[in-house]
Amino acid sequence: MAKIKAIRGMNDILPEQTPVWQYLESSVKSVLAAYGYSEIRMPIVEQTDLFKRSIGEVTDIVEKEMYTFEDRNGESLTLRPEGTASCVRAGEEHGLLFNQTQRLWYQGPMFRYEKPQKGRYRQFHQIGVETFGMATADIDAEVIMLSARLWKQLGILDSVTLQLNSLGSNEARAEYKDALVTYLSAHKDQLDEDSQRRLETNPLRILDSKDAQTQSLLDDAPVLSEYLDEESREHFADLCEMLDQAGIAYELNPRLVRGLDYYCKTVFEWVTDKLGAQGTVCAGGRYDGLVKQLGGRPTPAVGFAMGVERLILLLETLDVVPETVKQPFDLYLAAEQKGIQKRLIVLADQLRDAVPGMRIRVHCSGLKNISSKARQTGATWVMLVREENQSLLANLWYNSEPVFDITEDRIVELLLQQWQQN
Ligand code: ATP
Ligand code: MG
């Protein structure tokens, strides 16, 4: 019978990979804790209308990437393609947004029906940050600063570039849209097929077309920054000033628009040139209109989401994951003789009581070549135990420096001492 396989574009994350995932996740958690952010956990499935109404009907995601299905009641449901909409829904539903400030984060799988390739999958993972109730540019600066701190902590800051733009108010953007459409309509035949279609549906997206001819046409197109309203202009200047003060370098990219409808004012992306075409590892911006659009009272908001798979690819490409992260245990404990495994498993638990924090893996069953096998695990400590005259005796290798014939009464003491010195 043919074996059942995983669904295309949906990956298993195997035991040899999970340590790097955990390392990234715990690094993110420690940075977010340092900024006082709280975690929120939302369901993976939502009503389809939530995404249609927030992300926008004519975006790539809603047009062609959603996993939408009917449940047994005939209700249209969708596997979440991103987290912001769910987060706003949850915040509204539980009264977390109106007249309050919130600094929230979430993590988990997202689903988009895309062409699977390196850095692009159908189930992928994001860690996202959403802040609510803060209208001034200091919070825009904070979310960018916390992401920069994370890159620094992970050792990838030198390999990512911050791209920054302002989309202005809805009114300013509408005015710009008209000017752009007027200009591009006059050259419609030179646009790539996608862009011709977007001219009718979502003209701003033409700005980030990958087509070379379209891009060169854009060189002479009206520029968004010249259409910015006074308030957005000041907001953006404030943000740039704070980033300058914080020593965070950025590139102004007037063609950065982002794929989702709900952004206004600040938009940004952290981009790397180390991963080929899938170079954006983190993206976000301000979305002051979204809460109202989803039925709440007007609430300013800023957030971003990072792509976990891409970040992990980057960590591995740059080889910046600390070696110790990959080893799931500190001590490998094995019996050298048959018949003492029962004593060994009890000894292991005594050691866990005595040396809190030490990760101990016991060799269970099968003693062939145990001495060399145990030392090949790469553990920092390897302990082989045998029995003489009913008493246990241990040999201990620490960073391959052996201590032989440790008597039973000294095993715990010696290990604790070494652990504390380490
Ligand atoms: P792209 O332009 O690469 O399609 P996007 O604008 O659709 O990205 P966002 O919706 O902003 O992406 O999601 C934020 C981040 O999530 C992206 O910057 C990326 O790192 C990651 N991401 C998005 N889609 C995928 C995917 N299909 N597979 C893996 N990571 C993804
Ligand atoms: Mg996309």
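Above this text is the structure in question.
Residues numbered from 1 in each chain as written. Chains lettered and ligands numbered in written order. Predicted model: local features only at pLDDT ≥ 70, side-chain atom pairs only at ≥ 80, totals over all residues. Heavy atoms only, no water.

(A) Focus on the packing of aromatic side chains. Scanning all chains against the criterion turns up eleven aromatic pairs. Between the aromatic rings of Phe132 and Tyr287, the centroid separation amounts to 6.2 Å while the plane-to-plane angle is 85°, which identifies the pairing as edge-to-face. Here Tyr287 lies in the loop between β10 (280-286) and α10 (290-293) and Phe132 lies in strand β6 (residues 123-132), a separation of 155 residues in the sequence. Side by side, Phe132 and Tyr287 carry an identical accessibility label, which is buried. Between Tyr262 and Tyr263 the ring centres are 5.0 Å apart and the planes differ by 55°, which places this aromatic pair in the tilted class. Accessibility classification places Tyr262 together with Tyr263 in one group, the buried group. What links up through ring pairs into an aromatic cluster is the set Phe132, Tyr262, Tyr263 and Tyr287. Sitting above the plane of the Tyr113 ring, Arg122 keeps its charged end 3.9 Å from the centroid. For the cation-ring pair, Arg297 lies above Phe98, with the distance from its terminal atom to the ring centre recorded as 3.8 Å. (Phe/Tyr/Trp six-rings, centres within 6.5 Å; stacked < 30°, edge-to-face > 60°. Helix = DSSP H or I, 4+ residues; strand = E, 2+ residues; numbered from the N terminus. Buried < 20%, exposed > 50% of the residue type's maximum accessible area, 1.4 Å probe, protein only. Lys NZ or Arg CZ within 6 Å of the ring centre and 35° of its normal.)

(B) Structural view of the sheet that holds strand β12 (residues 331-335). One open sheet holds the five strands; their spatial order is β13-β12-β14-β15-β16, and the pairing between them is mixed. Each edge of the sheet is formed by a strand with only one pairing partner; in this case those strands are β13 (360-362) and β16 (401-407). Going across the sheet, the axis of each strand differs from the next one's by a mean of 20°, ignoring polarity. In this sheet, β16 lies alongside strand β15 (residues 391-398) in antiparallel orientation, the contact comprising five bridges. In the sheet register, Trp397 faces β16, and the bridge partner there is Pro402. Packed onto the sheet, helix α12 (residues 341-354) meets β12, β13, β14 (381-388) and β15 and runs at close to 175° relative to β13. Helix-sheet contacts for helix α14 (residues 408-421) involve β12, β14, β15 and β16, and the interaxial angle to β16 is about 145°. (Pairing = 2+ DSSP bridges. Axes fitted to C-alpha atoms, helices over the stretch in contact; angles between N-to-C directions. Contact = heavy atoms within 4.5 Å.)

(C) How the structure looks around the state of the cysteines. Tallying each qualifying case throughout the model produces zero disulfides. Between Cys264, a cysteine without a disulfide, and Cys240, which holds the nearest cysteine sulfur, the sulfur-to-sulfur distance is 16 Å. Here Cys282 is not disulfide-linked; the sulfur of Cys87 is the nearest cysteine sulfur, at 15 Å. (Disulfide = S-S within 2.5 Å.)

(D) The nonpolar core, seen in detail. With 47 residues, the main nonpolar core has Tyr37, Ile144, Trp151, Trp270 and Met306 as its most contacted residues. Looking at this core element by element, the count peaks at ten residues for helix α5 (residues 137-154). Listed in part, the 45 residues of the second largest apolar core include Ile61, Ala85, Leu217 and Ala301. (Core = buried A, V, L, I, M, F, W, Y, C linked by side-chain atoms within 4.5 Å.)

(E) Expanded view of unusual backbone geometry. With a phi close to 50°, Asn369 is a non-glycine residue in the positive phi region. With respect to the helices, strands and loops of the structure, Asn369 is situated in the loop between β13 and α13 (370-376). Backbone geometry at Gln390 places phi at a positive 70°, although glycine is not the residue there. Looking at the secondary structure, you find Gln390 in the loop between β14 and β15. Overall, Gln390 belongs to the exposed group, its relative accessible area being 69%.

(F) Inspection of the side chain of Glu142 at higher detail. If you trace the backbone, Glu142 turns up in helix α5. Taking relative accessible area as the criterion, Glu142 reaches 17% and is therefore assigned buried. Other than its neighbours up to four places away in sequence, Glu142 contacts Tyr35, Tyr37 and Arg103.

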